Amino acid sequence: MLEAGDWDLLFMRGRRAEEKYKEAYRFFDANPEVTAAISALAYPGLPVVLPVFLPAPNSREKLEIAADEQVNYFGYFDVSFAIGKNGKARRVNFLGQGGEVTRDMKLRLGDYLKNLVFRPRYKNGEY
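Residues numbered from 1 in each chain as written. Predicted model: local features only at pLDDT ≥ 70, side-chain atom pairs only at ≥ 80, totals over all residues. Heavy atoms only, no water.

### Quick look at the pairing of strand β3 (residues 89–99)
Item 1. Strand direction decides the pairing type here: strand β2 (residues 75–83) and β3, joined by eight bridges, are antiparallel. Looking at the pairing, I83 lines up with A89 of β3.
Item 2. Hairpin remark: β2 followed by β3, antiparallel, with five residues in the connecting loop; positive phi at G87, about 80 degrees. (Pairing = 2+ DSSP bridges. Helix = DSSP H or I, 4+ residues; strand = E, 2+ residues; numbered from the N terminus.)

Here you go:
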């Protein structure tokens, strides 16, 4: 049900996507036993990058890096952002950083986040 909304959101059918998401969450509200079994899918702790049927652009799966393979990093950024009804990142804020990161890396991360599409999040029946 969520993936039907994802499909419409990806293809710029925002109103249809919103209705499909609302229908899915009404179903979850009406069937708490189902929701308990799939709570990680319905209410994930981290934002879901769309499309879900492809690996995220920066994932180990996409880059063909084994789950147990050591990865070396230059550094990190702590980032917060909101997700709009259209699935786009808004109000990207850089909260901190560490390691050997550059201004260009920061700019690229900001652009990367703004170009992704996320599944809108629901909390208490609201976007």
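From this point, the narrative continues.
### A look at the confidence of the model for the chain
Item 1. Across the chain, pLDDT averages 90, with 98% of residues at or above 70.
Item 2. β3 holds the highest mean pLDDT among the elements of the chain, 96, whereas helix α3 (residues 32–37) holds the lowest, 79. (pLDDT = per-residue confidence, 0-100.)

### Let's talk about the packing of aromatic side chains
Item 1. The final tally for this structure, using the stated rule, is six aromatic pairs.
Item 2. With a centroid separation of 5.3 Å and 85 degrees between ring planes, the pair formed by Y25 and F28 is classed as edge-to-face. Here F28 and Y25 lie together in helix α2 (residues 14–30), a separation of three residues that amounts to about one turn.
Item 3. Of the residues examined, F28 reaches a relative accessible area of 6% and is grouped as buried.
Item 4. Measuring from centroid to centroid gives 5.3 Å for F81 and F118, while their planes differ by 35 degrees, and the two rings are tilted. (Phe/Tyr/Trp six-rings, centres within 6.5 Å; stacked < 30°, edge-to-face > 60°. Buried < 20%, exposed > 50% of the residue type's maximum accessible area, 1.4 Å probe, protein only.)

### Thoughts on the pattern of salt bridges
Item 1. Under the criterion given, the structure shown has seven salt bridges.
Item 2. In this structure, D8 engages K20 in a salt bridge whose closest nitrogen and oxygen atoms are separated by 2.8 Å. You can see D8 sitting in helix α1 (residues 2–10) and its partner K20 sitting in helix α2, a full 12 residues away along the chain.
Item 3. Take K20: its relative accessible area is 27%, and that puts it in the partly exposed class.
Item 4. Between K85 and E18 there is a salt bridge; the shortest N-O distance is 4.0 Å. With K85 in the loop between β2 and β3 and E18 in helix α2, this pair connects stretches of sequence that are 67 residues apart. (Salt bridge = Lys/Arg side-chain N within 4 Å of Asp/Glu carboxyl O.)

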